[in-house]
Amino acid sequence: MIGRPALDGVRVVDLGWGIAGGYATKLLADAGADVVKVELPDGDPLRGYSASFSPIDGHGPLFGFLNTTKRSVALDYRTAEGCSQLLDLYATAELVMERSEPGELEALDVGWEALAERRSDATMVSVSNFGRGGPWSQRPANEFTLMAIAGSTATRGQPGRTQFNAGGRIGEWMGGVTAAVAATAALRRAQRTGMGDHVDLSLLETITPTCTNVQTLWGSFTGDYDTKALLEVPSVEPTRDGYVGFCVFTGQQWQDFTVLVGQPEWADDPQLATMGGRIAAGDSIAGTIREWTSARTTEEVVQEAILLRIPVAPIGNGANLPEFDQFAQREVYVPNPGGGFLQPRVPYRNHAHPSVAFRPAPRLGQHTEQVLGELDADGDPDNSGRRVGTDLDASPDALPLDGVRVVDMTAFWAGPYATLVLASLGADVIHIESMQRPDGMRFGSAHTPTDDSWWEFGPTFHHANVGKRSVTLDLTQPEGMELLHRLIAVSDALVENFSPRVIDQFGLDWHTVSTLNPRMVMVRMPAFGLDGPWRDRVGFAQTMEQISGMCWLSGYPDTSPQLARGPSDPLAGLHAAYAVICGLHARERTGKGSFVEATMVETALNAAAEQVVEHSATGHLMAREANHHPYACPQGVYECSDGQQIALSVETEHHWEQLLAAVPELELHRVPNSAALADRFAVRHTFDKLLSRWCANLAASDVVERLISFGVPAAELEMSRGGDRNPQVNARGFYEAVEHRLAGTHRFPAMPVRFGRQPDRWFTRPAPTLGEHNGEVLGRLLGVDDDELARLEAAQVIGNRPVFAPVSPAV
């Protein structure tokens, strides 16, 4: 039975702008919310942007993608009349999403306190570069400089060449989906308790763990902080007609890869068994790999690799992505309702509560008269939408997902990141593994296999599973499956990211799960989808970056595309978490669960949507050019006299004017034909030469201090494992010390949001050891007695050591 969209009936006032604000409210609108985009008379700056600098009629293509299905109200809330009208609109809204810097709305009397005064059950989500509070809260920044501060930029580059940021403003997209997750979680609590909240989101905190593969934790576990930008082997390789991408993560994948390229003897070399060893081997193997791939077409390489189940991908870009078989057959790309270009569909599908049909992005102020007329017709704006909580026992001070139990059948990083978010928001997450097949991310360890319990020292595993409980169940044995069925029956959500064929073999389809528990929200996270010609292919984060176009925009123009390095996993996880929370919203209304397909690659395609949107709208194929991107100029990474590097980005007209004031001696105003971004971008290489010479004579800290004092976004490049040293994140308490009985105490990055009401700490328990909570969950929750637990352990249905590990010696 098809029901209403999950957020049907929810009114959102959207004061956001750009990608982060636009994508957050796009996700809300796609789920059925009535999003009223309130713009100042000049409109959202993104309206005037096109990566091709093509003439724009009404709005650019990226704005058209991000703002489908919204209504636009032009309102100058800097005036008394506009302020009064906005406050009247606040009284009708359950959510307000805003993208100003701290203090801006408060100075206009339209901040959080003004909202709470008019509607106590409403929530405001404030998205800013550094969050509210802390020494850097007013510091000028944008995505380019935030990535440098977080340590992400330092992970990319080649010896002797400038390090570069990943293309496509990935940090903004990450911020947008994180804001949507926080908004719907806060909304759920407000609807249950009748009390809203102010949610404070920091883009720097969003980016730091997700765009660095939690490198700060790797430094803490290993003691090695001196990392360099290195190129994986194998990675993106040339073919006879383009490029192909590999992701060789596990030992089995490497063995299979050696067979693929006709070098089976490599499998016997222990040095080559690890990525570090292969990188150290250098061109002695990388050259052989390139020689093999260059003799074949991309399609030939892909077909040979998938026979060996090696994660492999053609390299996508704005021109070829809609033509890939999987996306064409599944109709992933659809016409924009305003006409003129293709765009990706919503990256998840709730089969009971489908997304709304896209409507064209609005013209500036298109719905002003309509929306203000609704306020007049309402007659009592101060109380028009206020609601009483639906659950008298729910605490407004508890975390938003308090009382929700999640069965977590995920592994590696994307799926566990989804359930990490749910656990951080208060859910009781039970991570299912088995002695026979522990979570593969455990094996990305800071210890070697010669150490006892070495699988318990994986930094990425620890971060992705902090706050969860672990249960081992051998699902190939009837007793294991029966216990899983019993656990499903007493839970609220199930998240899994096995390949589709594995779940089919387990018999855990939606019919079975919903029969066990009609209130269950089940989210499946296949790599490429539950149908289509790529259904059974395997894929990791690198695969998604390679296919989606993220790689295409990252790197130097004269080399192969390079990896964005990890963001696709948390990006997919955040979308899946959002889908779970939307499913819970719908269940509050209907009493019934729902089935959701949250396809990993489609989340990456949404975050990289600009390439297809721009190409299909204007014919312009966006391409990688190190740190040159069409939304900002000058922009680059420059080495200073002390050997340190700085990132500089001039995105707005104000930034340009302030740069001229900061460095008048360079006479930069004489370089372009005009101050227009298109004219500045045309002379970007000249800017690089002038700024490089200027920076080379000054210390990095002096360069940054001068630029930011004039309001120009600039930052020193932080090494990838040094993001936790930043004074801003430490002042805000972003890192929390977590003690683990085996791994010791380490500082973990927490959620990048702060609720106005929440416990002092996000993390109340460390990541679990394998099967640590078998007795607690199976015994106390499911009622399995001690004798039966002992029998199950003897039969290896449950256990706390992998089957390949010898029994630990007695102490």
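Data block above holds the structure.
Keep in mind that what you see is a predicted model, and the values were worked out from it rather than measured. (Residues numbered from 1 in each chain as written. Predicted model: local features only at pLDDT ≥ 70, side-chain atom pairs only at ≥ 80, totals over all residues. Heavy atoms only, no water.)

Novice: Help me understand unusual backbone geometry, please; the structure alone is not making it clear to me.
Specialist: Most peptide bonds are trans, and most residues other than glycine sit at a negative phi. Here the residue pair Val 233 and Pro 234 is connected by a cis peptide bond, since its omega of -5° sits within 30 degrees of zero. Going from Cys 633 to Pro 634, the amide bond is cis rather than trans, its omega being 0°. Mapped onto the elements of the fold, Pro 634 is located in the loop between helix 24 (609-618) and strand 19 (635-639). (Helix = DSSP H or I, 4+ residues; strand = E, 2+ residues; numbered from the N terminus.)

Novice: I keep staring at the packing of helix 6 (residues 143-150) against helix 8 (residues 203-210) and nothing clicks. Help me out?
Specialist: Helix packing for two helices is described by the angle between their axes and how far apart those axes are. Taken N-terminus to C-terminus, the directions of helix 6 and helix 8 make an angle of 55°; their axes are 9 Å apart at the nearest point. What the angle tells us is that helix 6 and helix 8 run oblique. For the pair helix 6 and helix 8, the crossing hand works out as right-handed. Contacts from Leu 146, Met 147, Ile 149 and Ala 150 in helix 6 reach Leu 203, Leu 204, Ile 207 and Thr 208 in helix 8. Residue classes in the contact of helix 6 with helix 8 are distributed as seven nonpolar, one polar and no charged. (Axes fitted to C-alpha atoms, helices over the stretch in contact; angles between N-to-C directions. Parallel < 35°, antiparallel > 145°, perpendicular 65-115°, else oblique. Left-handed = near helix turned anticlockwise from the far one by under 90°. Contact = heavy atoms within 4.5 Å. Nonpolar A, V, L, I, M, F, W, Y, C, P; charged D, E, K, R; others polar.)

Novice: Is there a simple way to explain the side chain of Thr 410 in this structure?
Specialist: Here Thr 410 is to be found in the loop between strand 13 (405-409) and helix 16 (414-424). Taking the relative accessible area as the measure of exposure, Thr 410 reaches 3% and is therefore buried. For Thr 410, the side chain forms a polar contact with the side chain of Asp 408, separated by 2.5 Å. (Buried < 20%, exposed > 50% of the residue type's maximum accessible area, 1.4 Å probe, protein only. Polar contact = N/O pair within 3.5 Å; in protein donor to acceptor, adjacent residues only side chain to side chain.)

Novice: Sorry if this is basic, but what is going on with the pairing of strand 3 (residues 71-74) here?
Specialist: Sheet faces and side chains relate simply in a regular strand, where the side chains alternate between the two faces. With four bridges joining them, strand 2 (residues 34-39) and strand 3 adopt parallel strand pairing. Paired with Glu 39 across the two strands is Ala 74, which belongs to strand 3. The parallel pair strand 2 and strand 3, bridged by helix 2 (residues 61-66), forms a crossover whose chirality is right-handed. (Pairing = 2+ DSSP bridges. Right-handed = clockwise from strand over helix to strand, strands pointing away.)

Novice: What is the right way to read the packing of aromatic side chains from this model?
Specialist: Note on aromatic pairs: each is described by the distance of the centres and the angle between the planes. Applying the stated rule across the entire model yields 29 aromatic pairs. Seen from their ring centres, Phe 130 and Trp 136 are 5.8 Å apart, and the 90° between their planes marks the pair as edge-to-face. Aromatic side chains Tyr 348 and Tyr 578 sit 6.0 Å apart centroid to centroid with 75° between the ring planes, which places their arrangement in the edge-to-face category. Taken together, the positions of Tyr 348 in strand 12 (residues 348-350) and Tyr 578 in helix 22 (residues 568-590) put the pair 230 residues apart, joining distant regions of the chain. The ring centre of Trp 254 lies 4.3 Å from the NZ or CZ of Arg 278, which sits over that ring. Lying over the aromatic face of Phe 681, Arg 684 brings its terminal NZ or CZ to 4.1 Å of the ring centre. (Phe/Tyr/Trp six-rings, centres within 6.5 Å; stacked < 30°, edge-to-face > 60°. Lys NZ or Arg CZ within 6 Å of the ring centre and 35° of its normal.)

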